[in-house]
Amino acid sequence: MFSEKAKKNAEACRFCWMCRHLCPVQLVTGKETNTPRAKGLQVSMIERGMPFDKDVAKTMYECMLCGACTNDCVTGFDPLVFIREGRTQACVEDVVPASVQKVIDRVLETGNIYGAKETRVDFTDIPEKGDLLVWLGATARYSTPCVANALFTILKKAGVKFAALRNEPASGSALGDLMGFVEDVRQQAAQAGEAIRATGAGKMVVLDSYDAALMRHEYKEWGVNLPEVVTATSFVDELIKTGKLTPRKETLVVTYHDGSRLARDLDEHQPARDILAAMGCDVHEMWQNRRLAKCCGSAVVGQYLPELRAKVAAGRWEHCQRTDARVMVAACPQSTEALAATVPDGYEYKDLFVMLADRL
């Protein structure tokens, strides 16, 4: 049922409470079943004969897959291994929560979690083949097009020649979070790889860190060959440092939210802060930042448990309120979707790329 790797991690986690204080879901629900330990205990019980029922499946989906637990584990165990496999098993046992199944069906039908077929991203004068390919991701294409349009504006202002796919296929990131890394996900990755290679690109700028993390890590394991993959934040930071962009400086006190996959899976923290400094911003850090940053909620969870995602995002705003900053900035389309929808009175949210485009 579960792989040996998953069982090994679950057996270790079921005896340990050391990361429970970092789980953003457990912190807002107060439910013991939302701790990594409890999920490990469930896996252990299933391996000993307990049925994998709808209640077990429900708890496996009450997780942001943010990796805070994995990052904090001094013994090197990874609860996400058995949580992802738990989601795979929920599909096998046909006990996936109805709200989750609706999102899975949308991804399989349309290639995105929103079930959208039209985008508001402006592809005017942007070719589909070239040496540099910009990969937007589904959230920027269908939910936060202002972020995609801002990135295009930034690149054009810098004189960068780039291509982008009008009908960008699914990367496999969303389906991987919903079903685990099953064959359907690997097929989506292979199809994305084919579409990317057809552009002739030698380098990719990836806007959504969820896509970038999957492409850098799992794609290699699955034999999907890609050109060089760089994050949009690191690419734009380099444009500023090499003098191709000179943003207008306006003094502003802000705090910066590190997106989970950018900060932990990709171990990137400084480029966005350097971009903010180039715009004259004074960054006042939240209590948990960089690799320890608290998740604000993913777009995938926002589709099947919107109330939970909103509570988790509100928890991140509580961290902002402990600083003297009144503006929070993030550099991930999925963070923008979550944080922009939960701004408390007296505060403001700004996407990093939208902010930069306005200062050029």
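Note that this is a predicted model, so its numbers are computed, not measured.

Caption draft 1: Main features of the overall build of the protein. Across its full length, the protein holds 20 helices and eight strands. Here the C-alpha radius of gyration of the protein, 20 Å, is about what a compact globule of 360 residues would show, namely 21 Å. Counting the 360 residues in the protein, one finds 57% classified as buried. In the protein, of all internal contacts separated by at least 6 residues, the share reaching a separation of at least 24 is 75%. Accessible surface, the protein as shown: approximately 14,900 Å² in total, 50% of it carbon and sulfur.

Caption draft 2: Just the pattern of salt bridges, in detail. Here the structure, examined in full by the defined rule, presents 19 salt bridges. Notably, a salt bridge pairs Arg84 with Asp177, separated by 3.0 Å at the nearest N-O pair. In this pair, Arg84 sits in helix H6 (residues 79–92) while Asp177 sits in helix H10 (residues 173–179), placing the two residues 93 residues apart along the sequence. With respect to burial, Arg84 and Asp177 carry one shared label: buried.

Caption draft 3: Fine view of the nonpolar core. If you look at the biggest cluster of nonpolar residues, it comprises 62 residues, and the most contacted ones within it are Leu136, Phe152, Val236, Leu276 and Phe353. In terms of residue count, helix H9 (residues 145–157) provides more of this core than any other element does, seven residues in total. Apart from the residues within four sequence positions on either side, Leu276 is in contact with Val254, Tyr256, Cys281, Val283, Val329, Leu352 and Met355. In this structure, Cys63, Met64, Cys66 and Val81 belong to the second largest nonpolar core, which totals 48 residues.

Caption draft 4: Fine view of the sheet that holds strand E3 (residues 203–206). Read from one edge of the open sheet, four strands run E2-E1-E3-E4, paired in parallel fashion. Taken across any chain shown, the strands that pair with only one partner, and hence form the sheet edges, are strand E2 (163–164) and strand E4 (228–231). The sheet contact formed by strand E1 (residues 132–135) and E2 spans two bridges and is parallel. Within the sheet, the bridge partner assigned to Leu133 lies in E2 and is Ala163.

Caption draft 5: Molecular detail of helix H12 (residues 209–216). Among the eight residues that make up H12, seven are buried, leaving the element largely enclosed by the rest of the structure. All of the buried residues in H12 are Ser209, Tyr210, Asp211, Ala212, Ala213, Leu214 and Met215. N-capping of H12 is provided by Asp208, with a side-chain oxygen placed 2.9 Å from the backbone N of Tyr210.

Caption draft 6: Structural view of unusual backbone geometry. Backbone geometry places Asp94, a non-glycine residue, at a positive phi of 60 degrees. Residue class for Asp94 comes out exposed when judged on its relative accessible area of 65%. Within the chain, Asp267 stands out as a residue other than glycine whose phi angle is a positive 55 degrees. Along the chain, Asp267 falls in the loop between helix H15 (260–265) and helix H16 (270–278).

Caption draft 7: Broad picture of the environment of Phe353. Looking at the element boundaries, Phe353 is found in helix H20 (residues 352–357). We classify Phe353 as buried; its relative accessible area is 1%. Placed 202 residues apart in sequence, Phe353 and Leu151 show a C-alpha to C-alpha distance of 5.9 Å.

Caption draft 8: Inspection of the packing of aromatic side chains at higher detail. For the coordinates displayed, the defined rule picks out six aromatic pairs. Geometrically, the ring pair formed by Phe181 and Trp222 is edge-to-face, given 5.4 Å between the ring centres and 75 degrees between the ring planes. You can see Phe181 sitting in the loop between H10 and helix H11 (183–198) and its partner Trp222 sitting in the loop between helix H13 (218–221) and E4, a full 41 residues away along the chain. Of the residues examined, Trp222 reaches a relative accessible area of 22% and is grouped as partly exposed.

Caption draft 9: Region of interest: the sheet that holds strand E6 (residues 281–283). Strands sit in the order E6-E5-E7-E8 across an open sheet of four strands; the sheet is parallel. Each edge of the sheet is formed by a strand with only one pairing partner; in this case those strands are E6 and strand E8 (348–351). With strand direction ignored, the average angle separating the axes of adjacent strands in the sheet is 40 degrees. Taken together, the three bridges between strand E5 (residues 252–257) and strand E7 (residues 327–330) define a ladder with parallel strand orientation. Its bridge partner lying in E7, His257 is registered against Ala330. Contacting E5, E7 and E8, helix H19 (residues 333–340) crosses the sheet at an angle of about 165 degrees to E8.

Caption draft 10: Spatial organisation of the side chain of Arg84. Arg84 gets classed as buried once you look at its relative accessible area, which sits at 13%. For Arg84, the side chain forms a polar contact with the side chain of Asp177, separated by 3.0 Å.

Calculation rules
- Residues numbered from 1 in each chain as written.
- Predicted model: local features only at pLDDT ≥ 70, side-chain atom pairs only at ≥ 80, totals over all residues.
- Heavy atoms only, no water.
- Helix = DSSP H or I, 4+ residues; strand = E, 2+ residues; numbered from the N terminus.
- Rg over C-alpha atoms; globule rule 2.2 N^0.38 Å.
- Buried < 20%, exposed > 50% of the residue type's maximum accessible area, 1.4 Å probe, protein only.
- Contact = heavy atoms within 4.5 Å.
- Areas by Shrake-Rupley, 256 points an atom, 1.4 Å probe, with all protein chains shown as cover.
- Salt bridge = Lys/Arg side-chain N within 4 Å of Asp/Glu carboxyl O.
- Core = buried A, V, L, I, M, F, W, Y, C linked by side-chain atoms within 4.5 Å.
- Pairing = 2+ DSSP bridges.
- Polar contact = N/O pair within 3.5 Å; in protein donor to acceptor, adjacent residues only side chain to side chain.
- Phe/Tyr/Trp six-rings, centres within 6.5 Å; stacked < 30°, edge-to-face > 60°.
- Axes fitted to C-alpha atoms, helices over the stretch in contact; angles between N-to-C directions.

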